[in-house]
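Given next are the chains, with one letter for each unit.
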Amino acid sequence: MAGDDDEYVYDKATGEWRPASEMKAAAAAAGVVRDASGNVLADGDSVVLIKDLKVKGAGQTLKQGTVIRSIRLTDTPDEIDCRHDSIKGLVLRTEFVRKR
């Protein structure tokens, strides 16, 4: 619970004024990238697709169970940067992968 002397910060996502201490804690937690199962991901991990994904611009579909090696984390906690044999510069959402 926030104290009476706590600073407040406007949260654009919710449209509410929130205690600054609460916003700092949320920002620290946002630095952790998790896969669809809740496992923590790190640079260099291998992941498996949990769903068939149509790749925009490449005209192909990556099938469920495809292994993607050597991922790189991005500034966005919901996305990872990776390579596939036939697709370079591939960005995947973490909701569609599971750590291997």
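As shown above, the structure is provided for reference.
Residues numbered from 1 in each chain as written. Predicted model: local features only at pLDDT ≥ 70, side-chain atom pairs only at ≥ 80, totals over all residues. Heavy atoms only, no water.

For this particular structure, what's the right way to read the sheet that holds strand β7 (residues 72–73)?
Backbone-to-backbone hydrogen bonds pair the strands of a sheet. The strands run either parallel or antiparallel. Spatially, β7-β8-β9 is the arrangement adopted by the three strands of the open sheet, whose pairing is antiparallel. Unpaired on one side and paired on the other, β7 and β9 (90–93) mark the two borders of the sheet. Judged from the two bridges that link them, β7 and strand β8 (residues 79–82) form a sheet pairing that is antiparallel. Paired with Arg-72 across the two strands is Asp-81, which belongs to β8. (Pairing = 2+ DSSP bridges. Helix = DSSP H or I, 4+ residues; strand = E, 2+ residues; numbered from the N terminus.)

So what exactly am I meant to see when it comes to the side chain of Asp-81 here?
Along the chain, Asp-81 falls in strand β8. One polar contact links Asp-81 to Arg-72, side chain to side chain, over a distance of 2.6 Å. Not counting residues within four places of it along the chain, the set of residues in contact with Asp-81 comprises Ile-71, Arg-72, Thr-74, Gly-89, Leu-90 and Val-91. (Polar contact = N/O pair within 3.5 Å; in protein donor to acceptor, adjacent residues only side chain to side chain. Contact = heavy atoms within 4.5 Å.)

Could you clarify how one ought to interpret the nonpolar core in this entry?
Soluble, globular proteins show a tendency: their nonpolar side chains are buried together. Membership of the largest hydrophobic core comes to 15 residues, with the highest contact counts inside it found for Leu-41, Val-47, Ile-71, Ile-80, Leu-90, Leu-92 and Val-97. Secondary-structure elements contributing two or more residues to this core are β3 (47–49), β4 (53–55), β8 and β9. (Core = buried A, V, L, I, M, F, W, Y, C linked by side-chain atoms within 4.5 Å. Buried < 20%, exposed > 50% of the residue type's maximum accessible area, 1.4 Å probe, protein only.)

Explain the sheet that holds β3 here, please?
Read across the open sheet, the three strands follow the order β6-β3-β10; overall the sheet is antiparallel. Pairing within the sheet leaves two strands with one partner each, and these edge strands are β6 (67–68) and β10 (97–99). As paired elements, β3 and β10 share three bridges and run antiparallel to each other. Within β10, the position partnered with Val-47 by the bridge is Lys-99.

What should I look at first to understand the pattern of salt bridges in this one?
Charged atoms that come close allow side chains of opposite charge to pair. Summed over all chains, the structure comprises four salt bridges. Asp-45 is the salt-bridge partner of Lys-99, the closest N and O atoms lying 3.5 Å from each other. With Lys-99 in strand β10 and Asp-45 in the loop between α1 (20–30) and β3, this residue pair connects regions lying 54 residues apart in the sequence. Of the residues examined, Asp-45 reaches a relative accessible area of 16% and is grouped as buried. For Asp-81, the salt bridge identified is with Arg-72, shortest N-O distance 2.6 Å. Judged by relative accessible area, Arg-72 falls into the partly exposed class, the value being 40%. Among the charged side chains, a network of salt bridges with common partners joins Asp-78, Arg-93 and Glu-95. (Salt bridge = Lys/Arg side-chain N within 4 Å of Asp/Glu carboxyl O.)

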